[in-house]
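# A look at the structure
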Amino acid sequence: MATTAIPAPAPSGTTAWHALTVKDALDAQHVNEAVGLSAAEVESRQAAFGLNKFADAPKEPRWQVFLRQYADPMQVVLLGAGILSFFIPGQVPTGVLLILLTLLNAYLGMSQEGKAEASVAALQKMMVVKSRVRRGGEVDVVDMNQIVPGDIVMVEAGDLVPADGRIVRSATLEIDESALTGESAPVPKQVDPVAADAALGDRLDLAFMNTQVTRGAGTIEVTSTGMSTEVGHISGMLQGQKAEPSPLTKQLNKLTRQILVIAGVALVISLALGLARGTPFSTLFLTAVAFSVSAIPTGLPAVVTTILASGTSTLAKAGAIVKRLRSVETLGSTSAINSDKTGTLTLNQMTAVEMAVVGHRYAITGEGYATTGQINRVAGETDVSLDRYLLPMALCSDAVARDGGIVGDPTEGALVVLAAKGGVDPELTRERYPRLAEVPFDAAYKLMATFHKMQDDAGRDVIRIYVKGAPDQLLARATSAEDGSGGQVPVAQVRDKYLAENERLGRQGLRVMATAMRNLDPATFDPNAADLLPLVNDLTLLALVGIVDPPRSEAKSAIAIAQAAGIQVRMITGDHAVTAESIARQLGIKGRAVAGADFAALGPEDVAREIDDIGVIARVAPEDKVHLVDVLKGKGHIVAMTGDGVNDAPALKKADIGVAMGITGTEVSKEAAVMILTDDNFATIVKAVELGRALYDNLMRYIRFQMGALFGFIATFLGASLLAIAGGVPFLPLQTLYINFTVQVFLAIGLGYGAAREGLMHEAPRPPDQAILPRRLLAWVLFAGVVMAATTLGIIAWATPQFGEVTARTMGVVAFSLANVWFALETADEERSLFDPDARPSATLLKAAGGALVATVLATEFGLFRRLLDTVNLDLNQWAACIVVSLAILVVAEGRKLLGIHTIEPSKAAPAPVPVPAS
C-alpha cells in the first residue's frame, strides 16, 4: 500500500546525507523503502524539483538574436544606405530592397545560429537512459529524467546511476566514479554512514549521477536530481564560460573593418570631387548609395555562415556533431589528436584470441561479442575435447551474450563467447548445471568461484568448483594441472611452462585469465557456509586465456591517413603500458609508451623535448590529459582531445577541439566538448578533420574571389569619380545589388560547395594564425580588382559617346559580370592553368558559372529586369565588345600562372612519420 501524500522534503543540498543512517535518510524524505513513492508524490515532487536533467543554458530571446545581427557594421551601412535612398528621386525601390536585404541577412544569421544546437538536442533525445524504480510497491522502468528525490532506485552491474542518492542496500556493490572523482578503481559501497566532513571520494554510502555500476547490486534512495547533483554543479560552472570568436571570425571582422575604412575614404574622395565639379546633390546622393552598396561585401556574412552551417550538416551525416560553427574551421588546422583507447581506437568488446592448456595452444577467430568464429589448433597436434576447458568459462561467469552484445562484465563476456565458439552453449549449460553457491570476485584474492553438482570421470556425484581469476592467484592455490589428454600432473612439473606461457601472452598486450577446478564430496559440502573461500584450494589448473579489446579495423587506416596529413596521433589510456603499446603497434601509432606518472614527472624542458617521441601515455590520470594539452598547445599545435568522463571536462574544454563520445560519454563531457561522435569511432575524428580541411579550402576560394570582386567594385566607383566617367556613377544601386546577389552568389556557391581539392590530406596542417589574405595574395586580388575596374571603365568610357550613358552603363554591368565569372574560374586553382586537363573546375563551379552567365544575359534581355535595373538590349557587336574586354582578367591570371608567380605559399608536404625509439 502506497504512503499518503505529504509535503516535499527540504532541498537536498542542505542535508549531509552521507552522515545519516539509512533509517534517518528515509525518514528525512518521508519514504518507505519497501513501497516507494506514490504517483501523487511523484507528481508533487516533480513539480517542486523539476525534471532530472541539466538545465539548458539561458537562451537569448529570438527578437534579441535578430536585433543583434544589426551590430554588424555592414548591416548598419546597408540600413543607412537604404534610408538615404528614400530621399533620392526615383530610388525608393532601392531603399525598400536594401532594407529588405538587411532583414534577410538578420534572419539568416538568426536561423543559422541554432542549427548545430538543434543537432545536439536531437542526439540527446536519441539517448534516453532507463532506470528501475519502486513506486507504489511495484517495480517500474522509467526514463532517467523522470526520477525525483525520494525515489527508490535499484541498480546492478552495467547500470548508470540516474541521480545522486543514499545507498540503503548493497550486495558487493562497486561503482566506477572515475568520471567524477578521477579514482581509476571502482569504489566498494556500503550502507553505514561516514563522517560528516568526509571528502567526496570518501562518501562510500552515496552514489552519484552518471557513474557506472561495475559489480554487484544495490538500492538507492534518491537525494538530489538534475542541477542539484554533483555533476550538475560542474555542468553549471561550464555554462558560465564565454566562447571566444575563432581565428577566422577575427580575421574576417578585421578585414571587413579595413574594407569599410578604405571604402569610406574612397567615398569621401569621390564626393569631394563631385562637389568640386558642381555635380548636382541628387546625383551625389545616388553615388553615395551606389558606392556604399558596392563597397560592402553584402553576401560575405551570409555565405560564410551558410558554408560553415552546411559543413556542420555534412559532419553530422559522417557521425560528428559540431556544436559551434567556428569549430568547423579549426578542424582543418588540427595537428595533434589525443585519443582514448577503449571504444574509440578499439571495439570496446573484449575478445578471447588465444587459449593455452598443457601441451596445446589454440587460436580463436572472430571479433567482439558475436559467437561466430572457431577455435583452431596447431597443425599436427592431437585433437582433444575442449569441453572440460570451456565449461568453467560458461558456468563461472554471470555475463550473457546476446545479439552481438553482452550484459555484464566485458571480460566475462569474452569467456562466455569463447565457450559458445567451442560449441558449449552457456545458457543451456547453466540450466543443466545450476549454481549452488559462489565466492564473488574480490580485488583482495582476484578470483571468482562457483559450485555445481556434477559427475566426475568415473560417474560419481561430486560438487565441482570452477574458478577463474588471475593466473598467479590460481597457481598459488593449485596442486595439479590437466595434462591436455584428460590426466593430471603435479603442478611442480608445469609451473615453469605455465609462467612462461602467461608471460608470453602478457608480452602481446593480452589480458590473461586462468581457469581451474576442484571436486568436493557432496556429503561434506555446505552451500550455506559463511565462508567458502577456504575450499578454493588444491585446485587443478585448466587453461590460460589471452583476451584483448581488438583494434577497430577502420582506426588503423584512419591513423595512417592522419599521419600522412602531418597529424600525430597519441593513445591515452588507463591500461598498462605493455597492453597499450601492443595495441598502438597494431594500429600504427608511432612513438614510445610512457606511464602517466613518468610523463607528469618530466620537467618543462624535458617534456617539450621528448613529447614528439611519445605516442602512448598509459595509466593516465585526468590531470595528465590537461598537462598534455598544455604541452602541445605550448608547442603551437592545434589539439583534438577525446574524453567521456566528467573528469575529462577540463581537458576537453582546454583543447582546441574537445571530442566527446555520443554513446558512452557523460552529459558533462558532451557539454564541455565542441564535437560529439555519434559512433564513438576514431575514424570519424579523422573524417571530420578531412571535411574541415576541404571546407576551409573552399571557404578561402570564395573569400579570395569575393575580395577581388569587392576591390573591383571600389576601384570602378573611385575611378569613375576621378575620371568623371558616367557622371561618377558607373552602376546604379540596383545594378550593383543585382551583380551582388545573382552573379556573385552563383559563383560563391560554386566555389564554396565545390569538390575538395586533391591532396589536401597529404599537406601539413594549416597554421592557425595563417592570414586569410597574405601579402602576395592581397596584392594579387587588389591587382585583379583594378584590372576588372579598368576594363569596365574603359568600355563605359568608349560606349558613352557612341551609344549614350544608359547603354554604356549596361555594357559596364555585362563586362564586369563576365569578368567576375572568369575570375572565379581562375580562383578555383591559384597555381594551375584553367586549361590544364588535370585542373578543370568542379562540376559544381561550372554549373554555377553557367547560372551567372544566364543572370548576366537576363539583365539585358528580359523585359522585367530591364525596367527594374534601367538597362537596355545589347546588339551582337556590343556583346562581343563586352566579352573581349572582360577576358582581360583571364589573360592576366593565366600570364601570372605561366610566369610562376605564386600568390599563396606552396603547400608543404606533411612531415615524415616520427621514428619509433626503443621502448
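Our structure is the block above this text.
What comes next concerns the included structure. (Residues numbered from 1 in each chain as written. Predicted model: local features only at pLDDT ≥ 70, side-chain atom pairs only at ≥ 80, totals over all residues. Heavy atoms only, no water.)

On to the overall build of the protein chain, then. Each helix and strand in the protein chain was counted, giving 33 helices and 27 strands. Counting the 919 residues in the protein chain, one finds 51% classified as buried. Taking the contacts inside the protein chain whose residues are at least 6 apart along the sequence as the reference set, 72% of them involve residues at least 24 apart. Surface summary for the protein chain: the accessible area is close to 38,600 Å², and the carbon and sulfur share equals 59%. (Helix = DSSP H or I, 4+ residues; strand = E, 2+ residues; numbered from the N terminus. Buried < 20%, exposed > 50% of the residue type's maximum accessible area, 1.4 Å probe, protein only. Contact = heavy atoms within 4.5 Å. Areas by Shrake-Rupley, 256 points an atom, 1.4 Å probe, with all protein chains shown as cover.)

Further remarks concern helix α28 (residues 775–803). With 29 residues, α28 extends 41 Å from end C-alpha to end C-alpha; this agrees with the ideal 42 Å at 1.5 Å per step. Following α28 by one or two positions, Gly 804 has its phi on the positive side, about 100 degrees. (Expected span 1.5 Å × (residues − 1).)

Okay, unusual backbone geometry next. Unlike most non-glycine residues, Asn 348 shows phi in positive territory, near 60 degrees. When you line up the elements, Asn 348 lands in the loop between α13 (341–345) and β10 (351–357). Residue classification places Asn 348 among the partly exposed residues on the basis of a relative accessible area of 39%. In this structure, Ala 724 takes a positive phi of about 55 degrees despite not being glycine. If you trace the backbone, Ala 724 turns up in the loop between α26 (682–723) and α27 (733–752).

Between α28 and helix α32 (residues 876–886), the shortest axis-to-axis distance is 10 Å and the interhelical angle comes to 160 degrees. Classified by the angle their axes make, α28 and α32 are roughly antiparallel. Taken as a pair, α28 and α32 cross one another with a handedness that is right-handed. Here α28 contributes Thr 791, Ile 795, Trp 798 and Phe 803 to the contact with α32, which in turn contributes Gln 878, Ala 881, Cys 882 and Val 885. In terms of residue class, the contact of α28 with α32 is made up of six nonpolar, two polar and no charged. (Axes fitted to C-alpha atoms, helices over the stretch in contact; angles between N-to-C directions. Parallel < 35°, antiparallel > 145°, perpendicular 65-115°, else oblique. Left-handed = near helix turned anticlockwise from the far one by under 90°. Nonpolar A, V, L, I, M, F, W, Y, C, P; charged D, E, K, R; others polar.)

Grouped together as the largest cluster of nonpolar side chains are 152 residues, with contacts concentrated most on Phe 451, Leu 474, Leu 541, Met 571, Met 675 and Phe 682. The greatest single-element share of this core, amounting to 21 residues, is contributed by α26. Judged by nonpolar contacts, the second largest core, of 32 residues, contains Ile 375, Met 393, Cys 396 and Leu 415. (Core = buried A, V, L, I, M, F, W, Y, C linked by side-chain atoms within 4.5 Å.)

Let's shift gears to the side chain of Thr 344. Among the secondary structure elements, Thr 344 is positioned in helix α13. Beyond its immediate chain neighbours, meaning those up to four positions away, Thr 344 contacts Ser 339, Arg 552, Met 661, Asp 680, Asn 681 and Phe 682.

Spatially, β8-β27-β26-β25-β9-β22-β24-β23 is the arrangement adopted by the eight strands of the open sheet, whose pairing is mixed. Either end of the sheet is taken by a strand with one partner, and the two such strands are β8 (320–322) and β23 (592–595). On average, each strand axis in the sheet is tilted by 20 degrees relative to the strand beside it, whichever way the strands run. Where helix α23 (residues 622–634) meets the sheet, its contacts fall on β9 (336–340), β22 (568–572), β24 (614–618) and β25 (639–643), and the angle it forms with β25 comes to roughly 170 degrees. (Pairing = 2+ DSSP bridges.)

Moving on, we come to the environment of Gly 486. Looking at where Gly 486 falls in the secondary structure, it is placed in the loop between β18 (478–482) and β19 (488–490). Considered as a pair, Gly 486 and Asp 457 are 29 residues apart in the sequence and their alpha carbons are 9.2 Å apart. With residues up to four places along the chain from it excluded, the contact list for Gly 486 reads Arg 388 and Asp 457.

Right, let's get into a nonpolar patch on the surface. Taken together, the side chains of Ile 83, Phe 86, Phe 87, Val 92, Val 96, Leu 97, Leu 100 and Leu 103 present a nonpolar region at the surface, about 700 Å² in accessible area. Per-element tally for the nonpolar patch: the top contributor is helix α5 (residues 92–113), with five residues. Assignment of secondary structure puts Leu 97 in helix α5. On the basis of relative accessibility, which here comes to 38%, the residue Leu 97 falls in the partly exposed class. (Patch = residues over 30% accessible without salt bridge, like charges linked within 9 Å, V, L, I, M, F, W, Y side chains within 5 Å. Salt bridge = Lys/Arg side-chain N within 4 Å of Asp/Glu carboxyl O.)

Another aspect to go through is the pattern of salt bridges. Counted under the stated rule, the structure contains 32 salt bridges. Close ionic contact of Asp 143 with Lys 130 constitutes a salt bridge, the shortest N to O distance being 2.5 Å. Here the residue Asp 143 occupies a position in strand β2 (residues 138–143), and Lys 130 occupies one in strand β1 (residues 130–135), the gap between them amounting to 13 residues. Residue classification places Lys 130 among the exposed positions, given a relative accessible area of 54%. For Arg 460, the salt bridge is made with Asp 456, and the minimal N-O distance between the two is 3.0 Å. Overlapping salt bridges, with partners in common, bring together Glu 354, Arg 361, Glu 501 and Arg 504 in one network.

In terms of burial, strand β21 (residues 539–548) is largely enclosed, as ten of its ten residues are buried. Looking at chain direction, β10 and β21 are connected through five bridges and run antiparallel. Bridge assignment links Met 355 to a residue of β21, and that residue is Val 545. Inspection of the sheet shows β18 paired to β21 by three bridges, in the parallel sense. Its bridge partner lying in β21, Ala 478 is registered against Leu 539.

This brings us to the environment of Ala 272. In this structure, Ala 272 sits in helix α9 (residues 247–276). The class of Ala 272 is partly exposed, set by a relative accessible area of 42%. Residues Ala 272 and Leu 284 lie twelve residues apart in sequence; the distance between their C-alpha atoms is 9.5 Å.

What follows covers the pairing of strand β11 (residues 360–364). Burial of β11 is one-sided: the residues His 360, Tyr 362 and Ile 364 facing one way are buried, the residues Arg 361 and Ala 363 facing the other way are not. The hairpin formed by β10 and β11 contains two residues between the paired strands, and Gly 359 there has a positive phi angle of roughly 85 degrees. Judged from the three bridges that link them, β11 and strand β12 (residues 375–377) form a sheet pairing that is antiparallel. When the sheet's bridge partners are listed, Ala 363 is paired in β12 with Asn 376.

This part covers the packing of α27 against helix α29 (residues 805–827). One can describe the packing of α27 onto α29 by two numbers: an axis separation of 10 Å at closest approach and a directional angle of 15 degrees. Considered as vectors, α27 and α29 are oriented roughly parallel to each other. Handedness of the α27/α29 crossing: right-handed. Contacts between α27 and α29 involve Gln 735, Ile 739, Val 743, Gln 744, Leu 747 and Leu 751 from the former and Arg 809, Val 813, Phe 816, Ser 817, Asn 820, Val 821 and Ala 824 from the latter. Per-class residue counts for the contact of α27 with α29 are eight nonpolar, four polar and one charged.

The subject of this paragraph is the packing of aromatic side chains. As enumerated under the stated definition, the model contains ten aromatic pairs in all. An angle of 70 degrees between the planes, with centres 5.9 Å apart, marks the rings of Trp 798 and Phe 803 as edge-to-face. Residue classification places Trp 798 among the partly exposed residues on the basis of a relative accessible area of 42%. For Phe 803, a relative accessible area of 34% corresponds to the partly exposed category. Among the aromatic residues, those joined into a ring-pair cluster are Phe 713, Phe 717, Phe 731 and Phe 816. A cation sits over an aromatic face here: Arg 766 above Tyr 696, 3.4 Å from the ring centre. Lying across the ring of Trp 780, Arg 896 places its NZ or CZ 4.7 Å from the centre. (Phe/Tyr/Trp six-rings, centres within 6.5 Å; stacked < 30°, edge-to-face > 60°. Lys NZ or Arg CZ within 6 Å of the ring centre and 35° of its normal.)

Right, let's talk about the side chain of Ser 582 for a bit. With respect to the secondary-structure elements, Ser 582 resides in helix α20 (residues 577–587). The exposure class of Ser 582 is buried, given its relative accessible area of 16%. What Ser 582 contacts, discounting residues up to four positions off in sequence, is Gln 508 and Gly 509.

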